[in-house]
Amino acid sequence: MCENFPTYIAEEIQEPLTEDEAALLSEDDLSKLGKSRRDFLGKTALAAIAAQLLLHDQAFALKYMSDAPVTNNAVSELAMTVKMTINGAEKSVAIEPNVTLLDALRERLQMTGTKKGCDHGQCGACTVIVDGKRVLSCLTLAAQAEGLNITTIEGLGKGDELHPMQESFITHDGFQCGYCTPGQICSAVALLDEAKRGEISYVSTNISKKPPTKLSDDEIRERMSGNICRCGAYPHIVEAIKEVQNGKAEAKSS
Amino acid sequence: MNEFKYLRASDASDAVSQFSKESKSKFLGGGTNLIDLIKENIEKPSALIDVSRLALREIKKTANGGVSIGATAKNSDTANHPLVRENYPLLSQAILAGASQQIRNMATNGGNLLQRTRCFYFYDPAMRCNKREPGTGCDALEGLNNYSAVLGWNEKCVATHPSDMCVALAALDATVKVKGADGKERTIQFADFHRLPENTPEKDNNLQTGELIIAIEIPKSNFAKNSYYLKVRDRTSYAFALVSVAVALEMNGKTIKQARIALGGVAHKPWRAMDAEKLLANAKADDATFKKAADAALKDAKALEHNAYKIELAKRAIVRALKKAVDGGIA
Ligand SMILES: Cc1cc2nc3c(=O)[nH]c(=O)nc-3n(C[C@H](O)[C@H](O)[C@H](O)COP(=O)(O)OP(=O)(O)OC[C@H]3O[C@@H](n4cnc5c(N)ncnc54)[C@H](O)[C@@H]3O)c2cc1C
Ligand code: FES
Ligand code: FES
């Protein structure tokens, strides 16, 4: 494993802003813009920004990862080949048994959309969807994912089109620093599927019957409690999820 | 993470036989506890035998009207299974009180039973811990022991068992079916599954080395209408219990015909409060009875320096859970 290579450093190094980013940020104090900011950030613009940020992220990964001692480990005699489908594409990765799915994604496949927060199952930043269920990639061995279907944040949208949950997070300012966001969004997408299947939570009041498919705020909060946001964007995250669930604009809570 | 071999078992017999062939092997369920402990360098297996894909997922009625829950069924699937929701809502509620949806989607029932304590001193290699390193001592005893046990502990170990699911299983008189390295199966009463620290706190339970959990069985009961799982924690969700209470009642009008009470977060194992149960049997369901039962449940409790609050908290939680159960719980 690339234990001596602190991957988070790559993400924390601030690259100079691109022209587009600089232009966007100099627009005005973003917090004052409110509605007009959202109007300005129309769908196309959003998709373009998202796509660009993604490219940026990947370029970063390549730049900083290609020198990382990946090969040190890949030749270990315990190495094995794991095949899985990631965002619709079949992938084959040579890894050692002690490599987590999270590290395989980020360090071997250069898919850095999935974030490493705590690496111990406590924050939800690494949430991905495996065979339709949200799980923590930091506590899943890549070897355990053999033959499974994995969806990461990179695979939610279609081409330039964002997933409705991604759009809603942007509309409702469902993040500040954005570090927890890929995990929050994957979690939220899976959450609505769970609700459709009639699954219950600890705050459901009638366990033996099917609960309403439209979740209350309390239900959403309980079901999202596995995703910690150190910026405290919680109220906005709940609004974002509600909008996708209810299929209409929710009044902003603040 | 240390290195280990990864082996996938094809069926239960293959799993126990692979286990016995490796020197320091561990079964791997969802990995939510084991992988974490390997990262922490607390568990150091040389081989993991992945049993999470074994065909032991079934949740079905048993011949005598109970339900059998497969060891590799996920916690979330178990909590949501119609047989469980209808007949044992207490179990659904307890499972859903634990961890997060992501973790419950990964965690297997077998793994849940064998998850290890969350005592900080067990996790911190700079501290002495008899559970982690037998014979070294217990730094929690005189340390920050606000999360430690108040029942059944001794000076060797004050750790608590962290599972919510197990508290409900204890109350529901479950049994655990296991398969040994010799291929033979045996059934263990839930009350005898986990153990108190005694002289060997490194042993959490009475499984023999290499025994694989196959299924958990819950007998038929009339508790579904009046049961309740109450969990008290430092934050509203996604935290281990300070104290939890599983209550299952069979009512006859305003009288309690029979009762089951189990406590979590207070002892080295899920704690059945038999004395309280006896008091409740055939008693009128009122506050005075509940208070008496709560006192009886905690009468042998002994506080450490920082956890006396748990005794009062547990009593109040019992009274409240009993009230909720009488009022129809969550079924
Ligand atoms: C952040 C966090 C919060 C949590 N909060 C809670 C909580 O509030 N309440 C709660 O109850 N739990 C909580 N948990 C714990 C969680 O419920 C357990 O980690 C989980 O149930 C373990 O199941 P698993 O299948 O992942 O086990 P694994 O981690 O795979 O295995 C655990 C142990 O069981 C053994 N094992 C697994 N399957 C079998 C089998 N079939 N036969 C024999 N041995 C087997 C393994 O060898 C290992 O020793 C939390 C976990 C995390 C990470
Ligand atoms: S990084 Fe996986 S839960 Fe925090
Ligand atoms: S937006 Fe910063 S951690 Fe959630």
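Residues numbered from 1 in each chain as written. Chains lettered and ligands numbered in written order. Predicted model: local features only at pLDDT ≥ 70, side-chain atom pairs only at ≥ 80, totals over all residues. Heavy atoms only, no water.

Here we look at the pairing of strand 11 (residues 255-264) of chain B
Residues and elements named next belong to chain B.
Step number 1: Counting buried positions along strand 11 gives 7 out of 10 residues, so the element sits mostly inside the fold.
Step number 2: Here 9 bridges tie strand 10 (residues 243-252) to strand 11, and the two strands are oriented antiparallel to one another. By the bridge assignment, L249 is partnered in strand 11 with A259.
Step number 3: If you look at the hairpin formed by strand 10 and strand 11, you'll find 2 residues sitting between the two strands, and G253 has a positive phi there, around 65°.
Step number 4: The pairing of strand 11 with strand 12 (residues 271-272) spans 2 bridges and is antiparallel. By the bridge assignment for strand 12, A262 is matched with R272. (Buried < 20%, exposed > 50% of the residue type's maximum accessible area, 1.4 Å probe, protein only. Helix = DSSP H or I, 4+ residues; strand = E, 2+ residues; numbered from the N terminus. Pairing = 2+ DSSP bridges.)

Remarks on the domain arrangement of chain A
Residue and element names in this part refer to chain A.
Step number 1: Taken as a whole, chain A is organised into domain 1 (4-65), domain 2 (80-155) and domain 3 (164-246).
Step number 2: Computed over C-alpha atoms only, the centres of domain 2 and domain 3 are separated by 22 Å.
Step number 3: A buried area of about 1300 Å², summed over both sides, lies between domain 2 and domain 3, and 55% of it is on carbon and sulfur atoms.
Step number 4: For domain 2, the biggest contributors to the area lost against domain 3 are K115, R134 and I153; these three give 45% of the whole.
Step number 5: In this structure, E194 and R134 form a salt bridge, with 2.7 Å as the shortest nitrogen-oxygen distance. (Domains from an automatic or database assignment. Buried area = accessible area lost by both parts, 1.4 Å probe. Salt bridge = Lys/Arg side-chain N within 4 Å of Asp/Glu carboxyl O.)

Details of the interface of chain B and chain A
Step number 1: Opposite the 45 residues of chain B that make contact, chain A presents 49 residues.
Step number 2: Regarding the contact of chain B and chain A, the summed buried area is about 3600 Å², with carbon and sulfur atoms giving 52% of it.
Step number 3: Connecting chain B to chain A are 2 salt bridges.
Step number 4: Taking the shortest distance from any N to any O, the salt bridge between D119(A) and K39(B) comes out at 2.9 Å.
Step number 5: At the surface where chain B touches chain A, the tally comes to 23 residue pairs in polar contact (both at pLDDT 80 or more).
Step number 6: At the level of elements, strand 1 (5-8), helix 2 (34-39), strand 3 (47-50), helix 3 (75-80), helix 4 (82-87), helix 5 (89-97), helix 6 (101-106) and strand 9 (226-232) of chain B are the ones that each hand at least two residues to the side of chain B that touches chain A.
Step number 7: In terms of residue class, the side of chain B that touches chain A is made up of 17 nonpolar, 14 polar and 14 charged. (Contact = heavy atoms within 4.5 Å. Polar contact = N/O pair within 3.5 Å; in protein donor to acceptor, adjacent residues only side chain to side chain. Nonpolar A, V, L, I, M, F, W, Y, C, P; charged D, E, K, R; others polar.)

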